[in-house]
There are 2 protein chains.
Amino acid sequence: MSKSRNSAKASRRITAEVIAAKLGISAMTVSRALNGRPNVLKKTRDRVLAAAKKYGYTPNHIARSLALRRTETIGVVVPEISHSFFPEVIRGIEDAAYSAGYHLILTHSAEDDSREKDAIMTLQSKRVDGLLISTAQTVTDHSGYKETIAQGVPIVFFDRVVQNIGATCVSIDDEECCAIVTEHLLGHGYKAISHRRGPRTVSIGKARMKGYQRALSRHGLAVRRDLIVQSGFHEKGGYLAMEKLLQLPAHERPDAVVAVNDPAAFGAMKAIQEHRLRIPQDIAIVGMSDDVRAELVVSPLTTIKQPAYEIGKAAAEALIAVIEGKEDPGRKIIVQTELMIRKSCGCL
Amino acid sequence: MSKSRNSAKASRRITAEVIAAKLGISAMTVSRALNGRPNVLKKTRDRVLAAAKKYGYTPNHIARSLALRRTETIGVVVPEISHSFFPEVIRGIEDAAYSAGYHLILTHSAEDDSREKDAIMTLQSKRVDGLLISTAQTVTDHSGYKETIAQGVPIVFFDRVVQNIGATCVSIDDEECCAIVTEHLLGHGYKAISHRRGPRTVSIGKARMKGYQRALSRHGLAVRRDLIVQSGFHEKGGYLAMEKLLQLPAHERPDAVVAVNDPAAFGAMKAIQEHRLRIPQDIAIVGMSDDVRAELVVSPLTTIKQPAYEIGKAAAEALIAVIEGKEDPGRKIIVQTELMIRKSCGCL
DNA sequence: TTGTACGCGTTATCAA
DNA sequence: TTGATAACGCGTACAA
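1. Section: the protein's contact with DNA strand D
And then number 1: Around DNA strand D sit 24 residues, and of these T29 of chain A together with T15, A16, S31 and A63 of chain B come closest.
And then number 2: Contributions of two or more residues to the surface near DNA strand D are made by α3 (27-34) and α5 (61-68) of chain A together with α2 (16-23), α3 (27-34) and α5 (61-68) of chain B.
And then number 3: Considering each element in turn, the surface near DNA strand D owes the most residues, 5 residues, to α5 of chain B.
And then number 4: Residue classes in the surface near DNA strand D are distributed as 13 nonpolar, 8 polar and 3 charged.

Next comes the structure, spelled out in structure tokens:
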């Protein structure tokens, strides 16, 4: 009976032990009752439940996590939050997590390598049960991911993935999708098709580039290096890349453009319009990702619709399955897409 | 020396104690070194840092949180994630939290009362240091919030706020903003101005309604009940409400519409166009929130720009200040807005 | 400057 | 069915 014990007693925060004392039972029984364990007398369980409600007892998950070495929490790392694609993905993640009783710690890397690394480290410190990552553009070194996996924290990549390092990957078939839009243009007679390519370091940039090339080869067309310009994933890059291309003499200009994603396409469209050229009559253009703005711009954009919500949901479900040992890591999950034909490709 | 201790040693997870053992010092010194406490020999600190890196030691924040009774984590509850407004708010929150060394647990209520309650409870179980909430539409009872605050968990409401219960509130001046757009229409000669009002249970719905009425009164116009129709916050509601209004005989129809927000305005616009009426010539319309689509629709929407990012940032900063005892709870923070004049109001 | 003992609130384990 | 004890891994307070 130390004095500190006495003085604290009055304002003591309610813990399982406090409830137990009120009821003249042990903390262990309180814990068992609240967790729905079978080995508790129904009568005892009812008394515990009533007391818990009466005193407003909320079990301390932190202590629980420490004892169980499980937090029922998933760490999420996205490169950006505002881009309309990610909020939908996050919604899918949240829904799946909620159903399974997991919570989300959300971080964003702002496309920055070191901030991503930092986020992953802190998330590990917080002992998340697993990680859901879409890589930042500047990431080139994958050893950090491997280390994390080696330490027993499973990773599921989505959208921007890193394959063959033991992590499950969820994405669309980027190569195939880009081949589809490119073929769509080829099928309508376009010959000089240009590509606004994405960053070389990001998986989807590389894959889409491949798809573009594959489509051309399949139609017996040579790949013209001068028609491939790096643009990044944003409007500005798309605009600048298109500007550059429009400096070419008229007969060398492309008659169509495959942009790595919709924002890049919007930028390119702006450049085309500023040059007083018409879409699709003078230059046709297609994008990828089905941004909300795609159907609203002056010449509605033909694009590939990515089911963002489904990607998030599938990724979270896969991660939880791995966490709970119901599934092995390293799977590749491909989510289905849809070609949205609008006016910008000139075939309507 | 129990046997379990021996057998576990080999695969033991690296803790401060493990690092300490390797170095022949105590766990406490490791802790001190890693937390940058002054009372550690520089030489010792360097050895600890090196060993930590070598063995890939990441301090266990869960244990730390338990000991400190602080998690450095903020719980966020938003009614929806996809609506373009909230992602920007979340980005602001994340940035402010990141700078201050806090993490975010993100939940969404899906506009559902009980799901929100559930989220708040679990968040409290996870012992977040504070809560950032934008209320769900169906919430009518505020006693849950009060209880949470009484238990010592500070709340900051943003956008959809609950005033006078001891929580800091961050929002735009909804009443004033709605008065401004309404006055803008009145100033350009519109007489029969209709309102697509929001849900009665949500603070911003009520405040905007008031602003609309105030502007009318100020111009000596009576409020016509038949021109006020509830629409909710979404396109569909805006559409249905407008449909209803267009059933009125032509001379009783409004010549302008003040929508509670942009999505509701889009819905209304759709209805107007389906009736082959022109915007703004036949019916002018203004919104509120500056959705990304506002400037892209056929008749670009005049609206109030809400600085979503700033709202999130201000809310997170205020919460952290309260958590760290640097500020008292209960403040009202008003974020500045901007009137974006486009074509839909007919004054360009 | 460094180490020891103990508490944070829960659960696993084993005994009753 | 229930209880006592010892972890989980860290930080505080005090002693050395």
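2. Observations regarding unusual backbone geometry
For residues other than glycine, phi is negative in most cases, and the peptide bonds are mostly trans.
And then number 1: Residues I279 of chain A and P280 of chain A are joined by a peptide bond in cis, for which omega reads 5°.
And then number 2: With respect to the helices and strands, P280 of chain A occurs in the loop between α12 (262-274) and β9 (284-286).
And then number 3: Despite not being glycine, R69 of chain A has its phi angle at roughly 55°, a positive value.
And then number 4: Within the element layout of this structure, R69 of chain A appears in the loop between α5 and β1 (73-78).
And then number 5: A tally of 11 C-beta atoms within 10 Å means that R69 of chain A is categorised as exposed.
And then number 6: You will see that S289 of chain B, though not glycine, has its phi angle at about 130°, which is positive.
And then number 7: On the secondary structure map, S289 of chain B appears in the loop between β9 (284-286) and β10 (303-305).

3. Here's the deal with the relation of the copies chain A and chain B
And then number 1: Mapping chain A onto chain B calls for a screw motion: a turn of 180° about the axis and a shift of 0.1 Å along it, with 0.2 Å RMSD after fitting. Look at the turn and shift together and you get a two-fold axis relating the two. By C-alpha distance to the rotation axis, the residue of chain A lying nearest is I105 of chain A, at 2.1 Å.

4. As for the nonpolar core
Soluble globular proteins tend to pack their nonpolar side chains together in the buried interior.
And then number 1: Core analysis: the largest hydrophobic core is formed by 84 residues, its most contacted members being L132 and A315 of chain A together with L132 and A315 of chain B.
And then number 2: Beyond its immediate chain neighbours, meaning those up to four positions away, L132 of chain A contacts I74, G75, V76, I93, V156, F158, A315, A316 and L319 of chain A.

5. Here we look at the sheet that holds strand β2 (residues 103-108) of chain B
And then number 1: Taken in spatial order, the 12 strands of this open sheet run β11(A)-β5(A)-β4(A)-β3(A)-β1(A)-β2(A)-β2(B)-β1(B)-β3(B)-β4(B)-β5(B)-β11(B), and their pairing is mixed. The open sheet has two edge strands, β11 (332-334) of chain A together with β11 (332-334) of chain B, and neither has a second partner. Looking at each pair of strands side by side, their axes are set apart by 20° on average, direction ignored.
And then number 2: The pairing of strand β5 (residues 168-171) of chain B with β11 of chain B spans 3 bridges and is parallel. Among the inter-strand pairings, V170 of chain B is bridged to a residue of β11 of chain B, identified as I333 of chain B.
And then number 3: The strands touched by helix α7 (residues 113-125) of chain A are β1, β2 (103-108) and β3 (130-133) of chain A together with β2 of chain B; relative to β1 of chain A, the strand with the most contacts, the crossing angle is about 175°.

6. What to know about the interface of chain A and chain B
And then number 1: The interface of chain A with chain B comprises 34 residues on the first partner and 33 residues on the second.
And then number 2: Listed by contribution, the elements that provide at least two residues to the side of chain A that touches chain B are α5, α6 (85-100), β2 and α7 of chain A.
And then number 3: Here the residues of the side of chain A that touches chain B are counted per class, giving 14 nonpolar, 13 polar and 7 charged.
And then number 4: Of the strand pairs in this sheet, β2 of chain A and β2 of chain B are connected by 3 bridges, and their pairing is antiparallel. When the sheet's bridge partners are listed, L106 of chain A is paired in β2 of chain B with L104 of chain B.

7. Some details on the confidence of the model for chain A
Do not read the fine detail of predicted coordinates wherever pLDDT is low.
And then number 1: Across chain A, pLDDT averages 92, with 97% of residues at or above 70.
And then number 2: Low confidence marks residues 1-10 of chain A, where pLDDT is under 50. Its contacts with residues over four positions away, or in another chain, come to 1 contact.

8. A word on α3 of chain B
Residue and element names in this part refer to chain B.
And then number 1: Regarding α3, the residues found buried are T29, V30 and A33. Buried residues of α3 fall within an arc of 105° about the axis and therefore sit on the same side.
And then number 2: In this fold, the buried residues of α3 make contact with α2 and α4 (42-55).

9. Concerning the sheet that holds strand β6 (residues 193-197) of chain A
All names here are of chain A.
And then number 1: Taken in spatial order, the 4 strands make up an open sheet running β7-β6-β8-β9, and their pairing is parallel. Each end of this open sheet is capped by a strand with a single partner; those strands are β7 (228-230) and β9. On average, each strand axis in the sheet is inclined to that of its neighbour by 20°, with strand direction left out of account.
And then number 2: Contacts from helix α9 (residues 174-187) reach β6, β8 (256-259) and β9 within the one sheet, and its direction differs from that of β8 by about 170°.
And then number 3: The strands touched by α12 are β6, β8 and β9; relative to β8, the strand with the most contacts, the crossing angle is about 150°.

10. Some words on the environment of L245 of chain A
Residue and element names in this part refer to chain A.
And then number 1: Summarising the element assignment, L245 is placed in helix α11 (residues 235-245).
And then number 2: The class of L245 is buried, set by 22 C-beta atoms lying within 10 Å.
And then number 3: Sequence spacing of L245 and L216 is 29 residues, and the spatial spacing of their C-alpha atoms is 19 Å.

11. What to know about the environment of A150 of chain A
And then number 1: Mapped onto the secondary structure, A150 of chain A falls in helix α8 (residues 143-150).
And then number 2: Considered as a pair, A150 of chain A and T107 of chain A are 43 residues apart in the sequence and their alpha carbons are 22 Å apart.

12. Looking at the protein's contact with DNA strand C
And then number 1: In the vicinity of DNA strand C lie 25 residues, with T15, S31, N60, A63 and A67 of chain A positioned nearest.
And then number 2: Sorting the residues of the surface near DNA strand C by element identifies α2 (16-23), α3 and α5 of chain A together with α3 and α5 of chain B as the ones contributing at least two each.
And then number 3: Looking at which element gives the most residues to the surface near DNA strand C, the answer is α5 of chain A, with 5 residues.
And then number 4: For the surface near DNA strand C, the class distribution of residues is 14 nonpolar, 8 polar and 3 charged.

13. Focus: the pairing of β1 of chain A
Residues and elements named next belong to chain A.
And then number 1: Burial of β1 is extensive: 6 of the 6 residues sit out of reach of the surface.
And then number 2: Where burial is concerned, the two faces of β1 agree: the one with T73, G75 and V77 and the one with I74, V76 and V78 are both buried.
And then number 3: Taken together, the 6 bridges between β1 and β2 define a ladder with parallel strand orientation. Bridge pairing links G75 to I105 in β2.
And then number 4: In terms of strand pairing, β1 meets β3 through 4 bridges, oriented parallel.

14. Side note on the pairing of strand β5 (residues 168-171) of chain A
Residue and element names in this part refer to chain A.
And then number 1: Residues T168 and V170 of β5 are buried on one face, and the alternating residues C169 and S171, pointing to the opposite face, are buried as well.
And then number 2: Two strands pair when backbone bridges link them, and strand β4 (residues 155-158) and β5 are joined in this way by 3 bridges, in the parallel orientation. Note that in β5 the partner of F158 across the bridge is V170.

Analysis parameters
- Residues numbered from 1 in each chain as written.
- Chains lettered and ligands numbered in written order.
- Predicted model: local features only at pLDDT ≥ 70, side-chain atom pairs only at ≥ 80, totals over all residues.
- Near = placed C-beta within 6 Å.
- Helix = DSSP H or I, 4+ residues; strand = E, 2+ residues; numbered from the N terminus.
- Nonpolar A, V, L, I, M, F, W, Y, C, P; charged D, E, K, R; others polar.
- Buried ≥ 20, exposed ≤ 12 C-beta atoms within 10 Å, placed from the backbone.
- Least-squares fit on C-alpha atoms with pLDDT ≥ 70 in both.
- Core = buried A, V, L, I, M, F, W, Y, C linked by C-beta atoms within 7 Å.
- Contact = placed C-beta atoms within 7 Å.
- Pairing = 2+ DSSP bridges.
- Axes fitted to C-alpha atoms, helices over the stretch in contact; angles between N-to-C directions.
- pLDDT = per-residue confidence, 0-100.
- Arc of directions from axis to C-beta.

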